[in-house]
Amino acid sequence: RATTWSNGTIENNIINSNKIYGIWVDGWDTTVRRSSNPMVRNNTILNTGRGIFTAVPIAVESYSRPSIVDNRIIGYTEDGIYFADWCQVTVEDTLIDAQGGNYGVVGSVPRTVKLINCTIKNTAILDVLGGTSYFVVTNTTFNQSKVDFFDSVSNLTVHWFLHTYVNDTHGNPVPGATVHV
């Protein structure tokens, strides 16, 4: 558990077969909540909470504003990434492969969760679950029929962007080309 109000970095780790949490960051120090902006980058978290334990590979709580970039979360029992207590989170280029775990991404009282270029797959129950949560997903693959909110104020906004390049048969750019999709 990284309890910090700093801008620390957790990176380049392989976490395998933890019984409860893989990475847990929050904004508490010993007496007060403080905003923190940690970077969680290039980690592989495998088989968290297997057996009788319910577990979460990445948990983010208490005023944290982490960037979670280029992680692989594979095989777990409960939530792939769990957010709570007024977090503002950006998750980029991250694979969440539940392999039968219950949920992909769960938000409980965060302000905004941004998922950019992520994949959520193989969940047993839901890919996205939220309460008082605002999910903005961009170029992220998930099962849209596996999304639920347990209140009336949460929402999900989905964006897809396509960048195109048009060239002629010799590989030269074609300026002003019109592309129909």
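Above: the structure in question.
A. Up close: the overall build of the protein. Each helix and strand counted, the protein has zero helices and 19 strands in total. Of the contacts made within the protein by residues no fewer than 6 positions apart, 49% connect residues no fewer than 24 positions apart. Summed over all atoms, the accessible surface of the protein reaches about 9300 Å², with 50% contributed by carbon and sulfur.

B. Geometry of the packing of aromatic side chains. Per the stated rule, a full pass over the model turns up one aromatic pair. For the ring pair Phe 135 and Phe 149, a centre distance of 6.0 Å and an interplane angle of 40° mean the geometry is tilted. Here Phe 135 is found in strand β17 (residues 134-138), whereas its partner Phe 149 is found in strand β18 (residues 147-149), with 14 residues between them in sequence. The class of Phe 135 is buried, set by a relative accessible area of 0%.

C. The arrangement of the sheet that holds strand β15 (residues 119-121) in detail. With parallel pairing, the five strands of this open sheet are ordered in space as β3-β6-β9-β12-β15. Of all strands in the sheet, those bounded by a partner on one side alone are β3 (14-16) and β15. Averaged over neighbouring strand pairs, the angle between their axes works out to 5° when direction is ignored. As paired strands, strand β9 (residues 72-76) and strand β12 (residues 95-97) are joined by three bridges and run parallel to one another. Bridging from a neighbouring strand, Arg 72 pairs with Leu 95 of β12.

D. Spotlight on the sheet that holds strand β2 (residues 9-11). In spatial order, the strands read β2-β5-β8-β11-β14-β17-β19; together these seven strands make up an open sheet with parallel pairing. The outermost strands of the open sheet, each flanked by one partner alone, are β2 and β19 (155-159). Geometrically, the sheet is characterised by an average inter-axis angle of 10° between neighbouring strands, direction not taken into account. With three bridges joining them, strand β5 (residues 39-41) and strand β8 (residues 67-69) adopt parallel strand pairing. Across the sheet, residue Arg 41 finds its bridge partner in β8, namely Val 69.

E. How the structure looks around the pairing of strand β13 (residues 103-108). Counting buried residues along β13, five of its six residues qualify, which places the element largely inside the surrounding structure. In the sheet, strand β10 (residues 79-84) pairs with β13 via five bridges, with the strands oriented parallel. Looking across to β13, one finds that Tyr 82 is bridged to Val 106. With five bridges connecting them, β13 and strand β16 (residues 126-131) associate as parallel partners. In the sheet register, Val 106 faces β16, and the bridge partner there is Leu 129.

Cut-offs and rules
Residues numbered from 1 in each chain as written. Predicted model: local features only at pLDDT ≥ 70, side-chain atom pairs only at ≥ 80, totals over all residues. Heavy atoms only, no water. Helix = DSSP H or I, 4+ residues; strand = E, 2+ residues; numbered from the N terminus. Contact = heavy atoms within 4.5 Å. Areas by Shrake-Rupley, 256 points an atom, 1.4 Å probe, with all protein chains shown as cover. Phe/Tyr/Trp six-rings, centres within 6.5 Å; stacked < 30°, edge-to-face > 60°. Buried < 20%, exposed > 50% of the residue type's maximum accessible area, 1.4 Å probe, protein only. Pairing = 2+ DSSP bridges. Axes fitted to C-alpha atoms, helices over the stretch in contact; angles between N-to-C directions.

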